[in-house]
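# Structural description and commentary
Each chain is listed here by its residues.
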Amino acid sequence: MSLNEVAANKCFDGKQAVYTHDSKATGTAMTFAVYEPPQAAHGPVPVLWYLSGLTCTHENAMVKAGAQAYAAERGLMLIFPDTSPRGDDVPDDPDGAYDFGLGAGFYVNATESPWNQHYHMADYITEELPSLVAANFPADMIRQGITGHSMGGHGALTIALKNPGRFNSVSAFSPVVSPMNCPWGKKALGRYIGDDREAWKAYDTCALIADASERLPILVDQGDADNFLSEQLKPHLLREACEAADHPLTLRMQPGYDHSYFFIASFMRDHVMWHADALDGN
């Protein structure tokens, strides 16, 4: 599968670049970004995936999170995928709402029409894009970590839980921990997956924790001034699920922080170092 490099910049002695390719999973052109640390010039390096939230593209974290400095320090490759398929033929929320459709793929494989034609973000993130990265970059795919923000935090946690043995580390910033129990998630799962709530459990972190075959430690940072905290994010549900399943969780409530990239940038170093330690980065 061919890649088209559309932008490249030197960054902390490494390379920050943006690529496009034709995706079989989504049936559209897709865009993603890769940061290659300076250590990648000498051989394969561990990979840290960053999944973004509602309305975001590959660019938000690439530009705002400040992760490249820490990735360069520890020798980690960063992958920033987009959050949904895009294009004139890709259906969007009929009311133009921000929380569904374009920019809001929720990292699921849609089964309901018309969304099932293009919205296969779970397959894209777990199968197609990793294969593309492995074939085209100096990536050590044996050593992978995954993180994300909000909807992307949901994606990171559910993908790690559903793919035991693939990731050495997982973390999240203000994740949607139980889509089955919040308006964003009910809207997304109901439209993408249908009315069967049993099918929703495959994309709900709290439901997946109960039957997880791997006890991969989870790091979550959550601002206590986040305006989505009580209605959409509900981190107490994750704490309760992890306590019930004896799943290792570090949940840090950060006083005064909101849902923005100012919050993410403030704790990005902690997350990159969490992953680097698990991946034995240097």
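Below, the structure is looked at part by part. Worth saying up front: this structure is predicted, and the values here are computed from it rather than measured.

What follows is about the overall build of the protein chain. Scanning the protein chain from N- to C-terminus turns up 10 helices and nine strands. Radius of gyration (C-alpha) of the protein chain: 17 Å, near the 19 Å computed for a compact globule of 282 residues. Along the longest, intermediate and shortest principal axes, the C-alpha atoms of the protein chain span 50 × 45 × 35 Å. Looking at the protein chain residue by residue over its 282 residues, the buried ones come to 57%. Expressed as a percentage of contacts within the protein chain between residues at least 6 apart in sequence, the contacts between residues at least 24 apart total 72%. Accessible area of the protein chain: about 11100 Å², with a carbon and sulfur share of 48%.

All chains considered together, the criterion is met by 12 salt bridges. Linking Lys10 and Asp13 is a salt bridge whose minimum nitrogen-to-oxygen distance equals 3.8 Å. No difference in accessibility class separates Lys10 from Asp13, as the two residues are exposed. For the salt bridge of Arg269 with Glu73, the shortest nitrogen-to-oxygen distance reads 3.0 Å.

Now for the packing of aromatic side chains. Counted according to the given criterion, the structure contains 14 aromatic pairs. Judged by centre distance (6.0 Å) and plane angle (50°), the rings of Tyr257 and Phe263 are tilted. In this structure Phe263 comes out as buried when scored by relative accessible area, which is 0%. In this structure, Lys162 is placed above the aromatic ring of Tyr203, and the distance from its NZ or CZ to the ring centre is 3.9 Å. Over the face of the ring belonging to Phe100 we find Arg191, whose NZ or CZ atom lies 5.0 Å from the ring centre.

Our focus in this paragraph is the sheet that holds strand E2 (residues 14-22). By way of backbone hydrogen bonds, the strands of a sheet pair with one another, either parallel or antiparallel. Reading across the sheet, the nine strands line up as E1-E2-E3-E5-E4-E6-E7-E8-E9 and stay open at both edges, with mixed pairing between neighbours. In this open sheet, the two strands that pair with only one neighbour each are strand E1 (4-11) and strand E9 (249-254). Each strand axis lies, on average, 20° off the axis of its neighbour in the sheet, ignoring direction. Here helix H4 (residues 151-162) sits on the sheet in contact with strand E4 (45-51), strand E6 (139-148), strand E7 (169-173) and strand E8 (218-223), set at roughly 135° to E6.

Turning our attention to unusual backbone geometry. Cis peptide bonds are those with omega within 30 degrees of zero, and the linkage from Ser113 to Pro114 qualifies with 0°. For Pro114, the position within the fold is in the loop between strand E5 (77-81) and helix H3 (121-136). Unlike most non-glycine residues, Ser150 shows phi in positive territory, near 60°. A relative accessible area of 3% places Ser150 in the buried class.

You can see Gln232 is positioned in helix H8 (residues 229-233). For Gln232, a relative accessible area of 7% gives the class buried. For Gln232, the side chain forms a polar contact with the main-chain nitrogen of Trp184, separated by 2.9 Å. Residues in contact with Gln232, not counting those within four places in the same chain, are Val176, Cys182, Pro183 and Trp184.

All right, on to the nonpolar core then. The nonpolar side chains of a soluble globular protein tend to be buried with one another. Grouped together as the largest cluster of nonpolar side chains are 66 residues, with contacts concentrated most on Phe32, Met77, Ile79, Ile146 and Tyr192. In terms of residues, this core owes the most to one element, H3, which gives seven residues. Those residues in contact with Tyr192 that lie beyond four places of it in its chain are Phe100, Gly101, Ala104, Gly105, Phe106, Val108, Ala110, Thr111, Glu112, Trp115 and Tyr119.

The axis of H3 is deflected most strongly, by about 35°, at Leu129, and proline Pro130 appears within four residues downstream. By the burial criterion, the buried members of H3 are Met121, Ala122, Tyr124, Ile125, Thr126, Glu128, Leu129, Pro130, Leu132 and Val133. Looking at the buried side of H3, the elements it contacts are E2, strand E3 (29-36), E4, E5, E6 and H4.

Buried within helix H9 (residues 235-245) we find Pro235, Leu238, Ala241, Cys242 and Ala245. Considered in projection along H9, the buried side chains sweep an arc of 120° and stay on one side of the axis. Residues of H9 that are exposed and angled more than 90 degrees away from the buried face: Glu243 and Ala244. Here the buried face of H9 lies against helix H7 (205-210), E8, H8 and E9. Asp246 occupies a position one or two residues after H9 and carries a positive phi of about 55°.

Quick notes on the rules
Residues numbered from 1 in each chain as written. Predicted model: local features only at pLDDT ≥ 70, side-chain atom pairs only at ≥ 80, totals over all residues. Heavy atoms only, no water. Helix = DSSP H or I, 4+ residues; strand = E, 2+ residues; numbered from the N terminus. Rg over C-alpha atoms; globule rule 2.2 N^0.38 Å. Buried < 20%, exposed > 50% of the residue type's maximum accessible area, 1.4 Å probe, protein only. Contact = heavy atoms within 4.5 Å. Areas by Shrake-Rupley, 256 points an atom, 1.4 Å probe, with all protein chains shown as cover. Salt bridge = Lys/Arg side-chain N within 4 Å of Asp/Glu carboxyl O. Phe/Tyr/Trp six-rings, centres within 6.5 Å; stacked < 30°, edge-to-face > 60°. Lys NZ or Arg CZ within 6 Å of the ring centre and 35° of its normal. Pairing = 2+ DSSP bridges. Axes fitted to C-alpha atoms, helices over the stretch in contact; angles between N-to-C directions. Polar contact = N/O pair within 3.5 Å; in protein donor to acceptor, adjacent residues only side chain to side chain. Core = buried A, V, L, I, M, F, W, Y, C linked by side-chain atoms within 4.5 Å. Bend = angle between axes of the 7 residues up to and from the residue. Arc of directions from axis to C-beta.

Keep in mind these numbers describe shape, not what the thing actually does.
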